[in-house]
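# Fold and contact review
Next come the chains, spelled out residue by residue.
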Amino acid sequence: MGETDVMVSIQHLSKSFGDTVVLRDVSVDVKRGEVVVVLGPSGSGKSTMLRCINLLEKPTGGHIFIEGVEITGPDTNVDKLREHVGMVFHLFPHLTAKKNVMLAQRKVLKRSNEEAERIALEQLERVGLAERADYLPAQLSGGQQQRVAIARALAMDPHVMLFDEATSALDPELVRGVLDVMRSLAEGGMTMVVVTHEMGFAREVADRVIFMEDGVIVEEGTPTEVFDHPKHERTKDFLGHIK
Amino acid sequence: MRRRTPAWLRVVGYVFAVVFIIAGWWITAELLITFAHTNVLPTPLETFNVLFEYSSALVPYFWTSAYRVVVSLLIGTVLAVPVAHLCARSRTLDALFAPVLYLLYPIPKVVLLPILLVLLGLADAPKIVLISLTVFFQVLVAVRDAVKAVPESSVLAIRSLGGSRFDEYRHVVVPATMPAVFTSLRIGIGTAIAVLFIAEAMAGSTGLGYFIMQSWSMVNYPRMFAGIIAMALMGVALYAIFDVVERLLTRWR
(Lines give C-alpha, C1' and ligand atoms only; values in the text may rest on other atoms or scores of the structure.)
Protein backbone atom coordinates (compact mmCIF):
# COMPACT_ATOMS: atom_id res chain seq x y z
CA MET A 1 0.00 0.00 0.00
CA GLY A 2 1.57 3.30 -1.10
CA GLU A 3 1.66 6.51 0.86
CA THR A 4 -1.06 8.06 -1.29
CA ASP A 5 -3.54 5.37 -0.35
CA VAL A 6 -3.86 6.93 3.10
CA MET A 7 -6.33 9.78 2.78
CA VAL A 8 -6.32 11.02 6.34
CA SER A 9 -3.66 10.14 8.85
CA ILE A 10 -4.19 11.18 12.44
CA GLN A 11 -1.13 10.62 14.60
CA HIS A 12 -1.06 10.99 18.38
CA LEU A 13 -3.74 13.67 18.28
CA SER A 14 -4.58 15.35 21.57
CA LYS A 15 -6.89 18.23 22.33
CA SER A 16 -7.75 20.09 25.51
CA PHE A 17 -10.10 22.92 26.24
CA GLY A 18 -8.41 24.60 29.17
CA ASP A 19 -8.03 21.92 31.81
CA THR A 20 -10.49 19.58 30.15
CA VAL A 21 -8.78 16.91 28.10
CA VAL A 22 -11.03 15.87 25.22
CA LEU A 23 -8.69 13.76 23.09
CA ARG A 24 -5.68 11.77 24.31
CA ASP A 25 -3.18 10.35 21.88
CA VAL A 26 -5.63 9.33 19.17
CA SER A 27 -4.20 7.74 16.03
CA VAL A 28 -6.31 6.74 13.03
CA ASP A 29 -5.55 6.18 9.36
CA VAL A 30 -8.35 6.46 6.85
CA LYS A 31 -7.62 4.92 3.49
CA ARG A 32 -8.82 6.34 0.21
CA GLY A 33 -12.38 5.20 -0.44
CA GLU A 34 -12.78 3.88 3.07
CA VAL A 35 -15.86 4.56 5.20
CA VAL A 36 -15.00 4.86 8.87
CA VAL A 37 -17.84 5.13 11.37
CA VAL A 38 -17.01 6.57 14.78
CA LEU A 39 -19.22 5.53 17.68
CA GLY A 40 -19.20 6.56 21.29
CA PRO A 41 -21.17 8.21 24.04
CA SER A 42 -21.56 11.99 23.94
CA GLY A 43 -18.49 13.69 25.31
CA SER A 44 -16.23 10.91 24.07
CA GLY A 45 -14.36 13.32 21.79
CA LYS A 46 -15.60 11.99 18.46
CA SER A 47 -16.97 15.31 17.20
CA THR A 48 -13.84 17.12 18.30
CA MET A 49 -11.72 14.61 16.41
CA LEU A 50 -13.80 15.25 13.30
CA ARG A 51 -13.42 19.00 13.67
CA CYS A 52 -9.66 18.68 14.06
CA ILE A 53 -9.52 17.07 10.60
CA ASN A 54 -10.49 20.37 8.95
CA LEU A 55 -8.98 22.51 11.70
CA LEU A 56 -12.27 23.92 12.95
CA GLU A 57 -10.61 22.93 16.22
CA LYS A 58 -6.89 23.41 16.58
CA PRO A 59 -5.18 20.29 17.94
CA THR A 60 -3.23 20.69 21.15
CA GLY A 61 -0.75 18.03 20.14
CA GLY A 62 -0.02 15.45 17.46
CA HIS A 63 -0.06 15.56 13.70
CA ILE A 64 -2.70 15.24 11.00
CA PHE A 65 -1.85 14.53 7.38
CA ILE A 66 -4.30 14.79 4.50
CA GLU A 67 -3.13 13.09 1.32
CA GLY A 68 0.36 13.04 2.74
CA VAL A 69 0.46 16.76 3.51
CA GLU A 70 0.71 17.80 7.13
CA ILE A 71 -2.05 20.23 8.03
CA THR A 72 -0.99 20.74 11.62
CA GLY A 73 2.24 22.48 10.63
CA PRO A 74 2.67 26.20 11.25
CA ASP A 75 2.20 27.27 7.61
CA THR A 76 -0.85 25.26 6.60
CA ASN A 77 -3.14 27.03 4.17
CA VAL A 78 -6.32 26.38 6.09
CA ASP A 79 -8.70 27.58 3.38
CA LYS A 80 -6.99 25.42 0.76
CA LEU A 81 -7.22 22.43 3.07
CA ARG A 82 -10.91 22.93 3.72
CA GLU A 83 -11.70 22.89 0.02
CA HIS A 84 -10.73 19.22 -0.01
CA VAL A 85 -12.41 18.28 3.24
CA GLY A 86 -16.18 18.49 3.00
CA MET A 87 -18.23 18.71 6.15
CA VAL A 88 -21.98 18.72 6.56
CA PHE A 89 -23.36 21.69 8.47
CA HIS A 90 -26.61 23.57 8.75
CA LEU A 91 -27.70 25.60 5.74
CA PHE A 92 -27.57 29.36 5.53
CA PRO A 93 -31.16 30.29 6.36
CA HIS A 94 -31.33 33.33 4.07
CA LEU A 95 -30.37 31.52 0.87
CA THR A 96 -32.35 29.09 -1.28
CA ALA A 97 -31.13 25.52 -1.61
CA LYS A 98 -29.43 26.31 -4.91
CA LYS A 99 -27.82 29.51 -3.60
CA ASN A 100 -26.58 27.62 -0.56
CA VAL A 101 -24.79 25.19 -2.85
CA MET A 102 -23.50 28.00 -5.07
CA LEU A 103 -22.14 30.41 -2.46
CA ALA A 104 -18.79 28.83 -1.60
CA GLN A 105 -18.24 27.67 -5.18
CA ARG A 106 -18.42 31.31 -6.25
CA LYS A 107 -16.59 32.92 -3.35
CA VAL A 108 -13.99 30.29 -2.51
CA LEU A 109 -13.40 28.36 -5.73
CA LYS A 110 -14.12 31.49 -7.84
CA ARG A 111 -16.30 29.53 -10.23
CA SER A 112 -18.43 31.52 -12.65
CA ASN A 113 -22.08 32.00 -11.85
CA GLU A 114 -23.13 29.66 -14.67
CA GLU A 115 -20.71 26.92 -13.69
CA ALA A 116 -21.63 27.16 -10.00
CA GLU A 117 -25.31 26.97 -10.87
CA ARG A 118 -24.82 23.99 -13.17
CA ILE A 119 -22.86 22.12 -10.50
CA ALA A 120 -25.36 23.10 -7.83
CA LEU A 121 -28.21 21.62 -9.84
CA GLU A 122 -26.16 18.46 -10.50
CA GLN A 123 -25.44 17.99 -6.83
CA LEU A 124 -29.03 18.70 -5.82
CA GLU A 125 -30.09 16.11 -8.38
CA ARG A 126 -27.65 13.68 -6.80
CA VAL A 127 -29.31 14.07 -3.39
CA GLY A 128 -32.75 13.90 -5.01
CA LEU A 129 -33.74 17.52 -4.47
CA ALA A 130 -33.34 19.18 -7.86
CA GLU A 131 -36.98 20.19 -7.84
CA ARG A 132 -36.49 21.99 -4.51
CA ALA A 133 -33.63 24.17 -5.81
CA ASP A 134 -35.46 27.44 -5.25
CA TYR A 135 -36.86 26.61 -1.82
CA LEU A 136 -35.60 28.34 1.29
CA PRO A 137 -34.30 26.13 4.11
CA ALA A 138 -37.38 26.99 6.19
CA GLN A 139 -39.52 25.50 3.43
CA LEU A 140 -37.65 22.17 3.51
CA SER A 141 -37.93 19.35 6.01
CA GLY A 142 -35.01 18.69 8.32
CA GLY A 143 -33.96 15.70 6.24
CA GLN A 144 -34.12 17.67 3.01
CA GLN A 145 -32.03 20.41 4.62
CA GLN A 146 -29.36 17.90 5.52
CA ARG A 147 -29.36 16.50 1.99
CA VAL A 148 -28.90 20.02 0.58
CA ALA A 149 -26.07 20.49 3.08
CA ILE A 150 -24.46 17.32 1.73
CA ALA A 151 -24.88 18.66 -1.82
CA ARG A 152 -23.29 21.91 -0.72
CA ALA A 153 -20.24 20.07 0.58
CA LEU A 154 -20.04 17.83 -2.52
CA ALA A 155 -20.10 20.81 -4.87
CA MET A 156 -16.63 21.71 -3.59
CA ASP A 157 -15.21 18.43 -4.96
CA PRO A 158 -14.04 17.18 -1.59
CA HIS A 159 -11.59 14.30 -1.36
CA VAL A 160 -12.98 13.27 2.00
CA MET A 161 -16.37 13.92 3.61
CA LEU A 162 -16.96 14.37 7.34
CA PHE A 163 -20.40 13.75 8.84
CA ASP A 164 -21.06 14.87 12.40
CA GLU A 165 -24.31 13.30 13.56
CA ALA A 166 -25.97 14.32 10.33
CA THR A 167 -29.18 12.56 11.29
CA SER A 168 -29.31 13.02 15.04
CA ALA A 169 -31.71 15.99 15.07
CA LEU A 170 -34.14 14.43 12.60
CA ASP A 171 -37.46 12.72 13.01
CA PRO A 172 -37.06 8.98 12.42
CA GLU A 173 -38.96 8.98 9.13
CA LEU A 174 -36.58 11.60 7.71
CA VAL A 175 -33.40 9.78 8.71
CA ARG A 176 -33.68 7.23 5.95
CA GLY A 177 -33.44 9.76 3.09
CA VAL A 178 -30.23 11.19 4.49
CA LEU A 179 -28.72 7.77 5.13
CA ASP A 180 -29.62 6.71 1.59
CA VAL A 181 -27.64 9.63 0.20
CA MET A 182 -24.69 8.78 2.45
CA ARG A 183 -24.88 5.14 1.44
CA SER A 184 -24.81 5.99 -2.26
CA LEU A 185 -21.83 8.27 -1.66
CA ALA A 186 -20.01 5.43 0.04
CA GLU A 187 -20.85 3.09 -2.84
CA GLY A 188 -19.49 5.73 -5.22
CA GLY A 189 -16.10 5.41 -3.52
CA MET A 190 -16.12 8.58 -1.41
CA THR A 191 -13.77 8.56 1.58
CA MET A 192 -15.96 9.21 4.60
CA VAL A 193 -15.58 9.68 8.33
CA VAL A 194 -19.01 9.42 9.93
CA VAL A 195 -19.94 10.16 13.52
CA THR A 196 -23.37 8.67 14.06
CA HIS A 197 -25.68 6.77 16.38
CA GLU A 198 -27.25 4.87 13.49
CA MET A 199 -26.05 1.36 14.22
CA GLY A 200 -27.81 -0.10 11.19
CA PHE A 201 -25.96 2.27 8.91
CA ALA A 202 -22.65 1.56 10.63
CA ARG A 203 -23.07 -2.18 10.33
CA GLU A 204 -24.12 -2.04 6.71
CA VAL A 205 -21.96 0.69 5.20
CA ALA A 206 -18.83 1.01 7.34
CA ASP A 207 -15.59 -0.59 6.30
CA ARG A 208 -14.32 0.01 9.78
CA VAL A 209 -15.93 0.96 13.07
CA ILE A 210 -14.13 2.90 15.78
CA PHE A 211 -15.47 3.04 19.33
CA MET A 212 -14.31 6.02 21.37
CA GLU A 213 -14.76 6.88 25.02
CA ASP A 214 -13.16 9.54 27.22
CA GLY A 215 -11.01 10.81 24.38
CA VAL A 216 -9.35 7.53 23.49
CA ILE A 217 -10.04 4.85 20.92
CA VAL A 218 -11.21 1.86 22.91
CA GLU A 219 -11.72 -0.53 20.08
CA GLU A 220 -11.72 -0.67 16.31
CA GLY A 221 -12.39 -3.24 13.67
CA THR A 222 -14.79 -4.37 10.99
CA PRO A 223 -18.49 -3.96 11.83
CA THR A 224 -18.72 -7.70 12.48
CA GLU A 225 -15.80 -7.62 14.87
CA VAL A 226 -17.04 -4.62 16.83
CA PHE A 227 -20.76 -5.34 16.86
CA ASP A 228 -20.79 -9.13 17.14
CA HIS A 229 -17.58 -9.83 19.01
CA PRO A 230 -16.64 -6.73 20.99
CA LYS A 231 -13.46 -7.33 22.97
CA HIS A 232 -13.80 -4.59 25.56
CA GLU A 233 -16.30 -4.32 28.39
CA ARG A 234 -16.92 -0.66 27.64
CA THR A 235 -17.78 -1.41 24.02
CA LYS A 236 -20.17 -4.17 25.13
CA ASP A 237 -21.73 -1.80 27.65
CA PHE A 238 -22.23 0.92 25.05
CA LEU A 239 -23.66 -1.41 22.43
CA GLY A 240 -25.90 -2.92 25.09
CA HIS A 241 -27.29 0.49 25.96
CA ILE A 242 -27.88 1.38 22.34
CA LYS A 243 -29.84 -1.79 21.65
CA MET B 1 -42.79 27.56 6.97
CA ARG B 2 -44.50 30.56 8.51
CA ARG B 3 -48.17 30.92 7.76
CA ARG B 4 -48.99 34.17 6.05
CA THR B 5 -52.14 36.14 6.73
CA PRO B 6 -54.14 36.25 3.47
CA ALA B 7 -54.02 39.61 1.68
CA TRP B 8 -57.75 40.25 1.87
CA LEU B 9 -57.71 39.73 5.62
CA ARG B 10 -54.88 42.20 6.01
CA VAL B 11 -56.78 44.80 3.96
CA VAL B 12 -59.86 44.24 6.13
CA GLY B 13 -57.63 44.66 9.18
CA TYR B 14 -56.29 48.00 7.98
CA VAL B 15 -59.75 49.27 7.02
CA PHE B 16 -61.03 48.26 10.43
CA ALA B 17 -58.10 50.01 12.14
CA VAL B 18 -58.68 53.24 10.25
CA VAL B 19 -62.42 53.18 10.96
CA PHE B 20 -61.75 52.40 14.61
CA ILE B 21 -59.25 55.23 15.05
CA ILE B 22 -61.41 57.80 13.24
CA ALA B 23 -64.51 56.78 15.19
CA GLY B 24 -62.68 57.04 18.53
CA TRP B 25 -61.24 60.38 17.54
CA TRP B 26 -64.60 61.73 16.39
CA ILE B 27 -66.38 60.64 19.53
CA THR B 28 -63.65 62.17 21.73
CA ALA B 29 -63.80 65.46 19.82
CA GLU B 30 -67.61 65.65 20.08
CA LEU B 31 -67.47 64.84 23.81
CA LEU B 32 -64.91 67.61 24.38
CA ILE B 33 -67.01 70.10 22.42
CA THR B 34 -70.23 69.13 24.22
CA PHE B 35 -68.95 68.83 27.81
CA ALA B 36 -65.71 70.80 28.01
CA HIS B 37 -66.79 73.46 25.52
CA THR B 38 -63.44 73.45 23.78
CA ASN B 39 -62.44 72.94 20.16
CA VAL B 40 -58.87 71.96 21.11
CA LEU B 41 -59.38 68.61 19.38
CA PRO B 42 -60.90 69.19 15.95
CA THR B 43 -63.14 66.51 14.46
CA PRO B 44 -61.73 64.44 11.59
CA LEU B 45 -63.80 66.43 9.13
CA GLU B 46 -62.46 69.75 10.41
CA THR B 47 -58.97 68.35 10.41
CA PHE B 48 -59.15 67.51 6.74
CA ASN B 49 -60.05 71.12 6.00
CA VAL B 50 -57.39 72.38 8.37
CA LEU B 51 -54.66 70.25 6.86
CA PHE B 52 -55.65 71.49 3.45
CA GLU B 53 -55.70 75.10 4.67
CA TYR B 54 -52.27 74.93 6.29
CA SER B 55 -50.60 72.53 3.94
CA SER B 56 -48.48 75.14 2.17
CA ALA B 57 -47.40 76.65 5.49
CA LEU B 58 -46.59 73.18 6.86
CA VAL B 59 -44.47 71.86 4.02
CA PRO B 60 -41.14 73.57 4.88
CA TYR B 61 -41.52 72.66 8.55
CA PHE B 62 -42.33 69.08 7.62
CA TRP B 63 -39.24 68.67 5.43
CA THR B 64 -36.98 70.22 8.05
CA SER B 65 -38.21 67.72 10.63
CA ALA B 66 -38.12 64.78 8.23
CA TYR B 67 -34.57 65.66 7.22
CA ARG B 68 -33.46 65.73 10.87
CA VAL B 69 -35.03 62.38 11.72
CA VAL B 70 -33.80 60.54 8.63
CA VAL B 71 -30.24 61.87 8.89
CA SER B 72 -30.16 61.02 12.60
CA LEU B 73 -31.46 57.50 12.03
CA LEU B 74 -28.78 56.98 9.39
CA ILE B 75 -25.95 58.39 11.51
CA GLY B 76 -27.03 56.46 14.60
CA THR B 77 -27.28 53.19 12.66
CA VAL B 78 -24.07 53.59 10.68
CA LEU B 79 -22.15 54.22 13.89
CA ALA B 80 -23.91 51.57 15.96
CA VAL B 81 -23.69 48.56 13.63
CA PRO B 82 -19.87 48.25 13.45
CA VAL B 83 -19.50 48.90 17.17
CA ALA B 84 -22.14 46.25 17.84
CA HIS B 85 -20.25 43.71 15.72
CA LEU B 86 -16.98 44.51 17.46
CA CYS B 87 -18.55 44.22 20.90
CA ALA B 88 -20.22 40.94 20.05
CA ARG B 89 -17.10 39.38 18.57
CA SER B 90 -14.44 40.54 21.00
CA ARG B 91 -14.73 39.35 24.54
CA THR B 92 -12.29 42.01 25.73
CA LEU B 93 -14.17 44.87 24.08
CA ASP B 94 -17.47 43.55 25.34
CA ALA B 95 -16.12 43.26 28.86
CA LEU B 96 -14.96 46.87 28.63
CA PHE B 97 -18.06 48.31 26.99
CA ALA B 98 -20.90 46.24 28.40
CA PRO B 99 -20.93 48.07 31.74
CA VAL B 100 -20.68 51.45 29.99
CA LEU B 101 -23.58 50.46 27.80
CA TYR B 102 -25.52 49.15 30.75
CA LEU B 103 -25.18 52.47 32.56
CA LEU B 104 -25.74 54.76 29.58
CA TYR B 105 -28.53 52.88 27.82
CA PRO B 106 -31.34 53.65 30.30
CA ILE B 107 -30.47 57.36 30.58
CA PRO B 108 -33.02 59.36 28.60
CA LYS B 109 -30.67 61.03 26.12
CA VAL B 110 -33.11 63.95 25.81
CA VAL B 111 -31.91 65.39 29.13
CA LEU B 112 -28.66 66.21 27.37
CA LEU B 113 -30.51 68.67 25.16
CA PRO B 114 -29.63 71.83 27.15
CA ILE B 115 -25.95 70.95 27.00
CA LEU B 116 -26.13 70.33 23.27
CA LEU B 117 -27.95 73.61 22.75
CA VAL B 118 -25.17 75.46 24.54
CA LEU B 119 -22.49 73.66 22.57
CA LEU B 120 -24.08 73.46 19.14
CA GLY B 121 -26.55 76.33 18.84
CA LEU B 122 -30.19 76.22 17.86
CA ALA B 123 -30.17 74.88 14.31
CA ASP B 124 -29.99 71.27 13.02
CA ALA B 125 -26.84 70.14 14.83
CA PRO B 126 -28.07 69.68 18.41
CA LYS B 127 -31.25 67.91 17.24
CA ILE B 128 -29.40 65.55 14.94
CA VAL B 129 -26.79 64.74 17.58
CA LEU B 130 -29.44 64.09 20.20
CA ILE B 131 -31.58 61.80 18.02
CA SER B 132 -28.50 60.03 16.66
CA LEU B 133 -27.43 59.30 20.22
CA THR B 134 -30.83 57.87 21.07
CA VAL B 135 -30.88 55.69 17.95
CA PHE B 136 -27.25 54.68 18.40
CA PHE B 137 -27.86 52.98 21.73
CA GLN B 138 -31.04 51.23 20.63
CA VAL B 139 -29.46 49.80 17.50
CA LEU B 140 -26.20 48.97 19.28
CA VAL B 141 -27.86 46.84 21.94
CA ALA B 142 -30.19 45.05 19.51
CA VAL B 143 -27.52 44.26 16.94
CA ARG B 144 -24.93 43.23 19.50
CA ASP B 145 -27.34 40.69 20.92
CA ALA B 146 -28.28 39.53 17.42
CA VAL B 147 -24.62 38.94 16.49
CA LYS B 148 -24.15 36.95 19.67
CA ALA B 149 -27.19 34.88 18.74
CA VAL B 150 -25.85 33.85 15.31
CA PRO B 151 -25.71 30.05 15.54
CA GLU B 152 -22.19 28.68 15.74
CA SER B 153 -23.15 26.07 13.17
CA SER B 154 -23.70 28.77 10.53
CA VAL B 155 -20.28 30.25 11.16
CA LEU B 156 -18.65 26.81 11.13
CA ALA B 157 -20.50 26.00 7.92
CA ILE B 158 -18.93 28.86 5.99
CA ARG B 159 -15.52 28.18 7.52
CA SER B 160 -15.71 24.49 6.67
CA LEU B 161 -16.35 25.48 3.07
CA GLY B 162 -13.14 27.48 3.02
CA GLY B 163 -14.81 30.87 3.40
CA SER B 164 -12.68 33.79 4.55
CA ARG B 165 -13.36 36.00 7.51
CA PHE B 166 -14.95 38.47 5.10
CA ASP B 167 -17.25 35.79 3.64
CA GLU B 168 -18.23 34.88 7.17
CA TYR B 169 -19.44 38.42 7.83
CA ARG B 170 -20.82 39.19 4.41
CA HIS B 171 -22.73 35.95 3.93
CA VAL B 172 -23.57 34.74 7.42
CA VAL B 173 -23.36 37.30 10.20
CA VAL B 174 -24.69 40.36 8.39
CA PRO B 175 -27.77 38.64 6.89
CA ALA B 176 -28.50 37.03 10.23
CA THR B 177 -28.46 40.37 12.03
CA MET B 178 -30.31 42.41 9.40
CA PRO B 179 -33.74 41.84 11.00
CA ALA B 180 -32.44 43.17 14.32
CA VAL B 181 -31.28 46.38 12.67
CA PHE B 182 -34.71 47.00 11.21
CA THR B 183 -36.64 46.01 14.28
CA SER B 184 -34.63 48.40 16.40
CA LEU B 185 -35.07 51.13 13.80
CA ARG B 186 -38.81 50.68 13.64
CA ILE B 187 -39.04 50.79 17.41
CA GLY B 188 -36.59 53.70 17.40
CA ILE B 189 -38.73 55.84 15.08
CA GLY B 190 -41.25 56.52 17.85
CA THR B 191 -38.55 57.61 20.29
CA ALA B 192 -36.72 59.56 17.61
CA ILE B 193 -39.78 61.61 16.72
CA ALA B 194 -40.61 62.21 20.38
CA VAL B 195 -37.09 63.51 20.99
CA LEU B 196 -37.34 65.61 17.82
CA PHE B 197 -40.56 67.18 19.03
CA ILE B 198 -39.09 68.12 22.40
CA ALA B 199 -35.92 69.49 20.84
CA GLU B 200 -37.79 71.56 18.26
CA ALA B 201 -40.35 72.77 20.75
CA MET B 202 -37.66 73.94 23.16
CA ALA B 203 -35.22 75.63 20.85
CA GLY B 204 -35.08 77.26 17.47
CA SER B 205 -37.82 78.38 15.12
CA THR B 206 -37.87 75.52 12.63
CA GLY B 207 -39.46 72.12 12.33
CA LEU B 208 -42.87 70.71 13.18
CA GLY B 209 -42.24 70.81 16.92
CA TYR B 210 -41.80 74.55 16.73
CA PHE B 211 -44.82 74.86 14.39
CA ILE B 212 -47.03 73.02 16.89
CA MET B 213 -45.92 74.95 19.96
CA GLN B 214 -46.04 78.28 18.15
CA SER B 215 -49.66 77.58 17.11
CA TRP B 216 -50.40 76.59 20.69
CA SER B 217 -49.07 79.90 22.06
CA MET B 218 -51.13 81.76 19.44
CA VAL B 219 -54.19 79.78 20.59
CA ASN B 220 -54.64 78.69 16.99
CA TYR B 221 -55.77 75.14 17.71
CA PRO B 222 -56.67 74.13 14.16
CA ARG B 223 -53.16 75.15 13.03
CA MET B 224 -51.66 73.32 16.00
CA PHE B 225 -53.59 70.23 15.11
CA ALA B 226 -52.47 70.37 11.52
CA GLY B 227 -48.89 70.23 12.84
CA ILE B 228 -49.70 67.29 15.10
CA ILE B 229 -51.23 65.36 12.22
CA ALA B 230 -48.22 66.13 10.04
CA MET B 231 -45.88 64.77 12.71
CA ALA B 232 -47.99 61.65 13.11
CA LEU B 233 -48.02 61.09 9.35
CA MET B 234 -44.24 61.43 9.27
CA GLY B 235 -43.97 58.67 11.88
CA VAL B 236 -46.34 56.38 10.02
CA ALA B 237 -44.59 57.03 6.70
CA LEU B 238 -41.14 56.26 8.12
CA TYR B 239 -42.43 53.13 9.81
CA ALA B 240 -43.99 51.93 6.57
CA ILE B 241 -40.84 52.68 4.57
CA PHE B 242 -38.65 50.70 6.97
CA ASP B 243 -41.17 47.88 6.93
CA VAL B 244 -41.00 47.65 3.13
CA VAL B 245 -37.20 47.91 3.03
CA GLU B 246 -36.91 45.22 5.68
CA ARG B 247 -39.16 42.89 3.71
CA LEU B 248 -37.09 43.47 0.59
CA LEU B 249 -33.79 42.83 2.36
CA THR B 250 -34.92 39.88 4.45
CA ARG B 251 -37.11 37.99 2.02
CA TRP B 252 -36.07 34.64 3.41
CA ARG B 253 -37.99 35.13 6.62
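The structure we're discussing is the one just above.
Description of the structure in this document. (Residues numbered from 1 in each chain as written. Chains lettered and ligands numbered in written order. Predicted model: local features only at pLDDT ≥ 70, side-chain atom pairs only at ≥ 80, totals over all residues. Heavy atoms only, no water.)

## Remarks on the environment of Gly128(A)
Residue and element names in this part refer to chain A. Of note, glycine 128 is situated in the loop between helix H4 (113–126) and helix H5 (142–154). Accessibility expressed as a relative area gives 37% for glycine 128, which makes it partly exposed. Placed 53 residues apart in sequence, glycine 128 and valine 181 show a C-alpha to C-alpha distance of 8.5 Å. (Helix = DSSP H or I, 4+ residues; strand = E, 2+ residues; numbered from the N terminus. Buried < 20%, exposed > 50% of the residue type's maximum accessible area, 1.4 Å probe, protein only.)

## As for the pattern of salt bridges
Residues and elements named next belong to chain B. If you walk through the whole model with that rule in mind, you get 24 salt bridges over all chains. Aspartate 145 is the partner of arginine 144 in a salt bridge, and the nearest nitrogen-oxygen pair spans 3.3 Å. Exposure remark for aspartate 145: the relative accessible area of 37% places this residue in the partly exposed category. Connected through shared salt-bridge partners, Asp94, Arg144, Asp145 and Lys148 make up one network. (Salt bridge = Lys/Arg side-chain N within 4 Å of Asp/Glu carboxyl O.)

## A short note on the sheet that holds strand S4 (residues 61–66) of chain A
Residue and element names in this part refer to chain A. As summarised here, the arrangement of the four strands in space is S2-S1-S4-S5, forming an open sheet in which the pairing is antiparallel. The open sheet has two edge strands, strand S2 (20–31) and strand S5 (69–70), and neither has a second partner. Bridging between strand S1 (residues 6–17) and S2 involves eight bridges; their strand directions are antiparallel. Counterpart to leucine 13 in the pairing with S2 is valine 26. Lying on the sheet, helix H1 (residues 46–53) is in contact with S1, S2 and S4; it crosses S1 at an angle near 120°. (Pairing = 2+ DSSP bridges. Contact = heavy atoms within 4.5 Å. Axes fitted to C-alpha atoms, helices over the stretch in contact; angles between N-to-C directions.)

## Section: the interface of chain B and chain A
With 18 residues of chain B at the interface, the matching set in chain A holds 22 residues. Connecting chain B to chain A are two residue pairs in polar contact (both at pLDDT 80 or more). Looking at the side of chain B that touches chain A, the elements that each hand over two or more residues are helix H6 (152–160) and helix H7 (165–202) of chain B. The greatest single-element share of the side of chain B that touches chain A, amounting to eight residues, is contributed by H6(B). Grouping the constituent residues of the side of chain B that touches chain A by class yields eight nonpolar, six polar and four charged. (Polar contact = N/O pair within 3.5 Å; in protein donor to acceptor, adjacent residues only side chain to side chain. Nonpolar A, V, L, I, M, F, W, Y, C, P; charged D, E, K, R; others polar.)

## Thoughts on the sheet that holds strand S10 (residues 216–221) of chain A
All names here are of chain A. Spatially, six strands are ordered S6-S7-S8-S3-S9-S10 in an open sheet, and the strand pairing comes out mixed. The sheet terminates laterally at strand S6 (85–87) and S10, the two strands that pair on one side only. This sheet shows a mean twist of 20° between the axes of neighbouring strands, independent of strand direction. Inspection of the sheet shows S6 paired to strand S7 (residues 160–164) by three bridges, in the parallel sense. In the strand pairing of S7, methionine 87 is matched with leucine 162. Across the sheet, H1 lies against strand S3 (35–39), S6, S7, strand S8 (191–195) and strand S9 (208–213), angled at about 150° from S7, the strand it touches most. Docked against the sheet, helix H6 (residues 172–187) engages S3, S7 and S8, running at close to 145° with respect to S8.

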